[in-house]
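Chains, contacts and geometry: an overview
Residues per chain, in single letters:
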Amino acid sequence: MRVAVAGGHGKVARHLTRVLAARGDVPIALIRSLDQVDDVTSDGAEAVVLDLERCNVADVAGAVTGAEAVVFAAGAGPGSGASRKDSVDRAAAALLADAAERAGISRYLLVSSMGVDDPPAQADGVFAAYLRAKAASERDLRARTLDWTILRPGRLTDDEPTGLVRLEESVAPGAIPRRDVAAVIASLLANPATAGLTLELVAGAVPVDAAVVAATERAD
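These lines cover the structure that appears in this document, whether it is placed above or below. Nothing here was measured: the structure is a model prediction, and the numbers come from that model.

1. Details of the pairing of strand β6 (residues 147–153)
Within a regular strand, the side chains alternate between the two sheet faces. For β6, the buried fraction is high: six of the seven residues fall into the buried class. Note that strand β5 (residues 107–111) and β6 share five bridges and pair parallel. Within β6, the position partnered with Tyr-108 by the bridge is Trp-148. Bridge count for β6 against strand β10 (residues 198–203) is four bridges, and the pairing is parallel. The residue bridging Leu-151 from the neighbouring strand is Leu-199, located in β10.

2. Overview of the pairing of strand β4 (residues 69–72)
Side chains Ala-69 and Val-71 of β4 all project onto a buried face; the interleaved residues Val-70 and Phe-72 project onto the opposite face, where all are buried too. The pairing of strand β1 (residues 2–6) with β4 spans four bridges and is classified as parallel. If you follow Val-5 over to β4, its bridge partner there is Val-71. In this sheet, β5 lies alongside β4 in parallel orientation, the contact comprising four bridges. What sits directly across from Ala-69, in β5, is Arg-107.

3. So, the pattern of salt bridges
One pass over the full model with this rule turns up 21 salt bridges. A salt bridge links Asp-158 to Lys-11; the shortest N-O distance between them is 3.2 Å. A residue pair is termed long-range when its members are at least 10 positions apart, and Asp-158 in the loop between β7 (155–157) and β8 (164–168) and Lys-11 in helix α1 (residues 11–22) qualify at 147 residues. Linking Glu-138 and Arg-152 is a salt bridge whose minimum nitrogen-to-oxygen distance equals 2.7 Å. In this pair, Glu-138 is assigned in helix α5 (residues 125–142) and Arg-152 in strand β6, connecting sequence segments 14 residues apart. Comparing Glu-138 with Arg-152, the two get one shared label, buried. Salt bridges here are not isolated pairs; linked through shared partners, they connect Arg-32, Asp-51, Glu-53, Arg-54 and Arg-84.

4. A word on the packing of helix α3 (residues 57–64) against helix α4 (residues 82–103)
Packing of α3 against α4 leaves a shortest axis separation of 8 Å and a crossing angle of 60°. Taken together, the axis directions place α3 and α4 in an arrangement best described as oblique. Read as a crossing pair, α3 and α4 show a hand that is right-handed. For the pair formed by α3 and α4, the contact residues are Val-57, Ala-58, Val-60, Ala-61 and Val-64 on the first element and Leu-95, Leu-96, Asp-98, Ala-99, Arg-102 and Ala-103 on the second. Its residues assigned to classes, the contact of α3 with α4 shows nine nonpolar, no polar and two charged.

5. Description of the sheet that holds β5
Spatial ordering of the open sheet is given by β3-β2-β1-β4-β5-β6-β10-β8-β11, a layout of nine strands whose pairing is mixed. The open sheet is flanked by β3 (46–49) and β11 (206–207), the only strands paired with a single partner. By the bridge criterion, four bridges tie strand β2 (residues 26–31) to β3 in an arrangement that is parallel. Bridge assignment links Ile-28 to a residue of β3, and that residue is Glu-46.

6. What about α1?
Between its first and last C-alpha atoms α1 spans 17 Å; for 12 residues at 1.5 Å apiece the expected length is 16 Å, and the two agree. For α1, the set of buried residues is Val-12, Ala-13, Arg-14, His-15, Leu-16, Thr-17 and Leu-20. Against β1, β2, α2 (37–43), β4, β7 and α6 (178–189) lie the buried residues of α1. Note on α1: the residue one or two positions beyond its end, Gly-24, has a positive phi of about 95°.

7. Side note on the nonpolar core
One finds Leu-52, Val-60, Phe-72, Leu-96 and Tyr-108 to be the most contacted residues of the largest nonpolar core, which totals 30 residues. Going through the elements one at a time, β1, β2, α3, β4, α4, β5 and β6 are the ones with two or more residues in this core. Looking at this core element by element, the count peaks at eight residues for α4. When residues no more than four places from it in sequence are discounted, the contact partners of Tyr-108 are Val-70, Phe-72, Ala-93, Leu-96, Ala-97, Leu-141, Leu-146, Asp-147, Trp-148 and Thr-149. Counting 28 residues, the second-largest nonpolar core is a separate cluster that includes Leu-20, Val-181, Ala-186 and Leu-201.

About the cut-offs
- Residues numbered from 1 in each chain as written.
- Predicted model: local features only at pLDDT ≥ 70, side-chain atom pairs only at ≥ 80, totals over all residues.
- Heavy atoms only, no water.
- Buried < 20%, exposed > 50% of the residue type's maximum accessible area, 1.4 Å probe, protein only.
- Helix = DSSP H or I, 4+ residues; strand = E, 2+ residues; numbered from the N terminus.
- Pairing = 2+ DSSP bridges.
- Salt bridge = Lys/Arg side-chain N within 4 Å of Asp/Glu carboxyl O.
- Axes fitted to C-alpha atoms, helices over the stretch in contact; angles between N-to-C directions.
- Parallel < 35°, antiparallel > 145°, perpendicular 65-115°, else oblique.
- Left-handed = near helix turned anticlockwise from the far one by under 90°.
- Contact = heavy atoms within 4.5 Å.
- Nonpolar A, V, L, I, M, F, W, Y, C, P; charged D, E, K, R; others polar.
- Expected span 1.5 Å × (residues − 1).
- Core = buried A, V, L, I, M, F, W, Y, C linked by side-chain atoms within 4.5 Å.

Pasting the structure below:
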């Protein structure tokens, strides 16, 4: 499977690239800068330099044509203001969806966030803007006819992965190693029955593939 990953130089995305490449898939890393090419190619990805804040739908469609799935794992990142939360976490996610539709790609996985349904009352301006942007990107995706899956990880850490997760429609707040998030994304992509599901993810006690299968069974 050829999988185009927006935000291809991000931590989760690079872990995902390694997982996909190791199992024989072909990851395509959409990255912002030429400086990032060596990193993503060393992970096993094909690199495409494309700034999602400065290109149009034709540019993105051309970059992802030939892929069988797209993953939106991009983010404005720490230190960015509210305006970039909107331009990346909302607008760029919608742009990727537009491009997927134009390129005839039906499979779309959105990396969102826990908390979008119930943002904390004391959330600061930037964090609240981030949650609003993620919520808007989810609404946009659900209105499309794509085979979408929405994944809402909890607090991301760089801890060693355990391969054990809790993946359900709703879970209590918690943390999850980025490498385990990447493993879950790869497993979701490989299971067409996860289309149409919105799932929250934290560390747990169930092996990744079994957790994905269980999530599809609960949805039946």
